[in-house]
Amino acid sequence: MLKLHFLFLILILTITVPTALSKFEAIESLLQRLDSERAPPSVQEAAAKGVLKRLLPTHLTSFDFKIVSKDACGGDSCFLINNHKKSGQIGPEIIISGTTAVEIASGLHWYLKYWCGAHVSWDKTGGIQTSSIPKPGSLPLLKDEVLIKRPVPWNYYQNVVTSSYSYVWWDWERWEKEVDWMALQGVNLPLAFTGQESIWQKVYKDFNISSEDLNNFFGGPAFLAWARMGNLHGWGGPLSQNWLDQQLVLQKQIISRMLELGMTPVLPSFAGNVPAALATIFPTAKITRLGDWNTVDGDPRWCCTYLLDPSDPLFIEIGEAFIKKQIKEYGDVTDIYNCDTFNENTPPTNDTTYISTLGAAVYKAMFKGDRDAVWLMQGWLFYSDSSFWKPPQMEALLHSVPFGKMIVLDLFADVKPIWKTSFQFYGTPYIWCMLHNFGGNIEMYGILDAISSGPVDARVSENSTMVGVGMCMEGIEHNPVIYELMPEMAFRDEKVQVLEWLKDYSRRRYGKADRQVEAAWEILYHTIYNCTDGIADHNHDYIVVFPDWDPSTNFESGKPNHQKKIHFFPPGNRRYLSQETPSEMPKAHLWYSPDDVIKALQLFLAGGKNLAASLTYRYDLVDLTRQVLSKLANQVYINAVTAFQKKDIDALHFHSNIFLQLIKDIDVLLASDDNFLLGTWLESAKKLAVNPSEKKQYEWNARTQVTMWYDTNGTTQSKLHDYANKFWSGILESYYLPRASTYFNHLSESLRQNEKFKLVEWRKQWISLSNKWQEGNELYPVKAKGDALVISQALYEKYFAK
């Protein structure tokens, strides 16, 4: 107490203390209000029981759940685990108490992990491992009561684009699993963005905008996130009434379950993006036509959206109407709303008074709809557009609303934390977030040390304004180790000793210990999962992002320069893949020694006999083998292009054939695991359709997002081509293979004819083939074929045993 008193005396001498104190008071009142509005204890206890029933139906009677007040936790959110006081062998063995159903589910997960050695992962990353859990009546007892408190109030989840990269084709069956996963991981502040186009349709109808007017405003299903943000309009659309109605029903199911579990859903709010028709209906409104966002030719069908100025009175009217229409549809389910008006939309002036006025107007639109509204804003702009958002501009925006009425997501804190350089966001509460993934790419990548220590460093720093941790990946269902550790940080008040944690993780994930696999994980920790070069990672392996360049000149032969910093996301444009000039080959990101990871694969394979029955082991083995082979392919590609430059046609054929064979071999490898199949993605899209027209549209959306992404012309690929690239069986052999084969054929032909490489001719041929593939309807398998262990071993021997 003396130490705390001394610190307080020091703090009151600084001019920032009144700001900090009022901020914490405001957050506390928000938390109290949210607590008072949660579902009754009986509803939450039943919801937690439902999670248990779906997760572990054999043990439904083994656990007893109880909601307790924060007083039982010293005023914080927490869960408690105790032995159940009972007589006899039948009935509950363990009682788990928590301040909400999320805390109860988190306590259940904690007990199953650390007392029973179980593991819960997404189905597409191997699923759950429960073989180590003893039978009912034999569960491990605790020596003492376990009390785990949240060191910060919130565990946030999702990115505004996850809805397009991962959730777009989900039905309620899949969403129910995801909400269960959230609860088990302790997520209590998730985005709830599904179905908002249906709300907008109702809102705009009141402003005399017809459904037909919205046909070129809403994007297609796989591109809704960017239509919502005002980056594009109409691309992949229009949306059918069936889609709109279907998604609204789904949203209500999602929100209902979140509320039953005691979560606080974050709903969307108005960011200023409006249909073109609004400018006609309201000719005096301050509406700006934005610039081009990554189109090839500025096609007005989807380029250059319309932004209503927040200073215009109509902005407040529309924003208020949208909030109220959501409340009418869903009920008063939250006080927290997401809005990113300035994300990738730079204000027209850096005048701080102007910025303050705009920020105040954005908040006022929320406030008019919900007087308790709190603005949740992604803080990505402070990194991506740092040349504009200098300290005065940042402070002007953050202080444009009352303290406690804005929460910032430090979106990229795992790599580029803004809290360190912004005086803790100038007193504004913020959530420490891990971004980690771009475009839903499949690549083993992460920074375990940053995850295990970053949130703790931020929370205990001087004048900390941190109020939560979060996961803000663009796409999910990959790198399960990252998504096991990160949510744990919502309940840890000390740094994690990663190497020790990994040994325990390995035993849990595979159901038993294996010395060689543990040794492999130690290597992976120091290599793949220790990326410290500061590059915003995005998978640029040549197989999935084939270089679009003329190798005739200015090629740096030999090994790629790993020291060169290649930033794939230029300031001010988050989803832009830099277009290399024809004379420059892009470097694939490599932050570790490939030889070390090959050694890890060798150790991993050695554990196969011991872990062959484990689906989680099989998933990790396939993923690790894919990782190693994809990095090998990068060097093989460089060898092929070097041969071309030396005019050695035999060497060009030799290396290009190896590259093409690697694509085929990786496709066979991925085909051996249900979780790496293109067919699953395409069939889930078609399943939502109710007529042939929708079926064709949805499949085109699904195929286009993971390939060209955006528009092309006859000779120029989309600027976003391969942004959402996927290592899936089916897409490798049918899409990436013919692209590479066509390119190498053009290289060979230029050598045979002693002519310059015809880059434009290759582009024409490839773009035509790509567009036909996007329009295609070929069927791809949805069930695995082959034995992953046998295939991985054979590929290791083929490429590395020598």
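Residues numbered from 1 in each chain as written. Predicted model: local features only at pLDDT ≥ 70, side-chain atom pairs only at ≥ 80, totals over all residues. Heavy atoms only, no water.

**Concerning the overall build of the protein chain**
Line of reasoning, step 1. Each helix and strand counted, the protein chain has 28 helices and 15 strands in total.
Line of reasoning, step 2. A compact globule built from 802 residues would reach a C-alpha radius of gyration of about 28 Å, and the protein chain, at 27 Å, matches this within 12%.
Line of reasoning, step 3. A principal-axis box enclosing the C-alpha atoms of the protein chain has dimensions of 80 × 75 × 60 Å.
Line of reasoning, step 4. Per-residue burial for the protein chain yields a buried fraction of 62% across its 802 residues.
Line of reasoning, step 5. Restricting to contacts in the protein chain with at least 6 residues of sequence separation, those with at least 24 account for 79%.
Line of reasoning, step 6. Accessible surface for the protein chain amounts to roughly 30,000 Å². Of this, 53% is attributable to carbon and sulfur atoms.
Line of reasoning, step 7. Of the side-chain charges in the protein chain, 78 are positive and 89 negative, and the distance between the mean point of each set is 3 Å. (Helix = DSSP H or I, 4+ residues; strand = E, 2+ residues; numbered from the N terminus. Rg over C-alpha atoms; globule rule 2.2 N^0.38 Å. Buried < 20%, exposed > 50% of the residue type's maximum accessible area, 1.4 Å probe, protein only. Contact = heavy atoms within 4.5 Å. Areas by Shrake-Rupley, 256 points an atom, 1.4 Å probe, with all protein chains shown as cover. Lys, Arg positive; Asp, Glu negative; His and termini not counted. Charge placed at Lys NZ, Arg CZ, Asp CG, Glu CD.)

**A word on the sheet that holds strand β8 (residues 273–274)**
Line of reasoning, step 1. The antiparallel open sheet is built from three strands, whose spatial order is β8-β10-β9. For this open sheet the edge positions go to β8 and β9 (287–289), each flanked by a neighbour on one side alone.
Line of reasoning, step 2. Examined bridge by bridge, β8 and strand β10 (residues 306–308) share two bridges and lie antiparallel to one another. Residue Val274 lies in a different strand from β10, and its bridge partner there is Tyr306. (Pairing = 2+ DSSP bridges.)

**Brief notes about the sheet that holds strand β13 (residues 406–410)**
Line of reasoning, step 1. The strand order across the open sheet formed by eight strands is β6-β5-β15-β14-β13-β12-β11-β7, and the pairing between neighbours is parallel. Looking at which strands have only one partner, the edges of the open sheet turn out to be β6 (189–190) and β7 (267–268).
Line of reasoning, step 2. As judged from the two bridges shared by strand β5 (residues 154–157) and β6, these two strands associate in the parallel manner. By the bridge assignment for β6, Tyr157 is matched with Pro190.

**A closer look at the pattern of salt bridges**
Line of reasoning, step 1. Enumeration according to the criterion identifies 43 salt bridges in this entry.
Line of reasoning, step 2. Put simply, Lys113 and Glu484 hold a salt bridge, and the shortest N to O gap is 3.6 Å. Residue Lys113 is located in helix α4 (residues 101–114), and its partner Glu484 is located in helix α17 (residues 482–488); the two are separated by 371 residues in the primary sequence.
Line of reasoning, step 3. Residue Glu484 is classed as buried on the basis of its relative accessible area of 1%.
Line of reasoning, step 4. For Glu749, the salt bridge is made with Arg752, and the minimal N-O distance between the two is 2.9 Å. Taken together, the positions of Glu749 and Arg752, both in helix α26 (residues 731–752) and three residues apart, correspond to about one turn of that helix.
Line of reasoning, step 5. Here the salt bridges do not stand alone but share partners, grouping Lys113, Glu484, Glu488, Arg492, Asp504, Arg507, Arg508 and Glu518 into one network. (Salt bridge = Lys/Arg side-chain N within 4 Å of Asp/Glu carboxyl O.)

**Description of the packing of helix α7 (residues 196–206) against helix α11 (residues 313–330)**
Line of reasoning, step 1. At a closest axis distance of 9 Å, the pairing of α7 and α11 adopts a crossing angle of 125 degrees. Here α7 lies oblique to α11, going by the angle between them. Two packed elements cross with a definite hand, and for α7 against α11 that hand is right-handed. Listed contacts from α11 to Gln196, Ile199, Trp200, Lys202, Val203, Tyr204 and Asp206 of α7 are Ile318, Ala321, Phe322, Lys325, Gln326, Glu329 and Tyr330.
Line of reasoning, step 2. Taken together, the residues of the contact of α7 with α11 break down into eight nonpolar, two polar and four charged. (Axes fitted to C-alpha atoms, helices over the stretch in contact; angles between N-to-C directions. Parallel < 35°, antiparallel > 145°, perpendicular 65-115°, else oblique. Left-handed = near helix turned anticlockwise from the far one by under 90°. Nonpolar A, V, L, I, M, F, W, Y, C, P; charged D, E, K, R; others polar.)

**Regarding the state of the cysteines**
Line of reasoning, step 1. This model, assessed by the stated rule, comprises two disulfides.
Line of reasoning, step 2. With its sulfur 1.8 Å from that of its partner, Cys73 forms a disulfide with Cys78. The disulfide joining Cys73 to Cys78 has a torsion of about -50 degrees about its S-S bond and is therefore left-handed. Each of the two residues, Cys73 as well as Cys78, counts as buried.
Line of reasoning, step 3. Note that Cys303 is cross-linked by a disulfide to Cys304, the S-S spacing being 2.1 Å. Across the pair, Cys304 and Cys303 agree in class, each one buried. (Disulfide = S-S within 2.5 Å.)

**Here's the deal with the nonpolar core**
Line of reasoning, step 1. Trp154, Trp375, Phe382, Phe659, Trp709 and Phe744 are the most contacted members of the largest nonpolar core, which has 276 residues in total.
Line of reasoning, step 2. Broken down by element, the residue count for this core peaks at 15 residues, all from helix α22 (residues 615–645).
Line of reasoning, step 3. Once residues lying within four places of it in the same chain are set aside, the contact partners of Phe744 are Phe546, Tyr637, Ala640, Leu652, Ser656, Phe659 and Leu660. (Core = buried A, V, L, I, M, F, W, Y, C linked by side-chain atoms within 4.5 Å.)

**A short note on helix α16 (residues 448–460)**
Note on helix geometry: an α-helix contains 3.6 residues per turn, so any two residues three or four positions apart are oriented the same way.
Line of reasoning, step 1. The terminal C-alpha atoms of α16 lie 19 Å apart, and with 13 residues this matches the ideal 18 Å at 1.5 Å per residue to within 8%.
Line of reasoning, step 2. If you look at α16, its biggest bend is around 35 degrees, right at Gly454, and the proline Pro455 turns up within four residues after that.
Line of reasoning, step 3. Here α16 has its buried residues at Leu448, Ala450, Ile451, Ser452, Ser453, Gly454, Pro455, Val456 and Ala458.
Line of reasoning, step 4. Buried residues in α16 make contact with α15 (423–426), β14 (430–434), β15 (466–471), α17, α18 (498–510) and α19 (515–526). (Expected span 1.5 Å × (residues − 1). Bend = angle between axes of the 7 residues up to and from the residue.)

**Description of the UniProt feature "domain: Alpha-N-acetylglucosaminidase tim-barrel" (unreviewed entry) in the protein chain**
Line of reasoning, step 1. On the UniProt side, "domain: Alpha-N-acetylglucosaminidase tim-barrel" (unreviewed entry) is annotated at positions that read residues 156–492 here.
Line of reasoning, step 2. Secondary structure across residues 156–492 comprises 39% helix and 11% strand; the distance between its end C-alpha atoms is 15 Å. (UniProt positions renumbered as here; feature names shortened; annotations may be inferred.)

**What to know about helix α3 (residues 41–55)**
Line of reasoning, step 1. With 15 residues, α3 should reach 21 Å at 1.5 Å per residue; the first-to-last C-alpha distance of 21 Å fits that figure.
Line of reasoning, step 2. If you check which residues of α3 are buried, you get Gln44, Ala47, Ala48, Gly50, Val51, Leu52 and Leu55.
Line of reasoning, step 3. Along its buried surface, α3 packs onto β1 (63–67), α4, α6 (172–184) and α9 (241–260).

**So, the packing of aromatic side chains**
Line of reasoning, step 1. Scanning all chains against the criterion turns up 73 aromatic pairs.
Line of reasoning, step 2. An angle of 70 degrees between the planes, with centres 5.6 Å apart, marks the rings of Trp243 and Tyr698 as edge-to-face. Of this pair, Trp243 sits in helix α9 while Tyr698 sits in helix α25 (residues 692–705), placing them 455 residues apart in sequence.
Line of reasoning, step 3. With relative accessibility at 1%, the residue Tyr698 sits in the buried group.
Line of reasoning, step 4. Connected via pairs of aromatic rings, a cluster forms that spans Tyr165, Phe223, Trp226, Trp235, Trp293, Trp302, Trp700, Trp709, Tyr710 and Tyr723.
Line of reasoning, step 5. Sitting over the face of the ring of Phe727, Arg626 holds its NZ or CZ atom 5.0 Å from the ring centroid.
Line of reasoning, step 6. When the ring centre of Trp728 is taken as reference, the NZ or CZ atom of Lys726 above it lies at 5.6 Å. (Phe/Tyr/Trp six-rings, centres within 6.5 Å; stacked < 30°, edge-to-face > 60°. Lys NZ or Arg CZ within 6 Å of the ring centre and 35° of its normal.)

**Let's talk about unusual backbone geometry**
Line of reasoning, step 1. Pro238 follows Gly237 through a cis peptide bond whose omega is 0 degrees.
Line of reasoning, step 2. With respect to the helices and strands, Pro238 occurs in the loop between α8 (224–228) and α9.

**Notes on the environment of Asn350**
Line of reasoning, step 1. Following the sequence through the fold, Asn350 ends up in the loop between β11 (336–338) and α12 (352–369).
Line of reasoning, step 2. A sequence separation of 39 residues divides Asn350 from Trp389, and the C-alpha atoms of the two residues are 8.2 Å apart.
Line of reasoning, step 3. For Asn350, the residues in contact, after removing those within four places along its chain, are Ile355, Phe388 and Gln393.

**Observations concerning the confidence of the model for the protein chain**
Line of reasoning, step 1. Mean pLDDT for the protein chain: 92, with 92% of residues reaching 70 or above.
Line of reasoning, step 2. Low pLDDT (under 50) marks residues 555–582, which in the prediction has 88 contacts with non-local residues, meaning those over four places away or in another chain. (pLDDT = per-residue confidence, 0-100.)

**Focus on the environment of Ala373**
Line of reasoning, step 1. Along the chain, Ala373 falls in the loop between α12 and β12 (374–378).
Line of reasoning, step 2. With a relative accessible area of 0%, Ala373 lands in the buried category.
Line of reasoning, step 3. A sequence separation of 38 residues divides Ala373 from Asp335, and the C-alpha atoms of the two residues are 4.7 Å apart.
Line of reasoning, step 4. In contact with Ala373, not counting residues within four places along its chain, are Asp335, Tyr337, Tyr363, Met366, Phe367 and Lys405.

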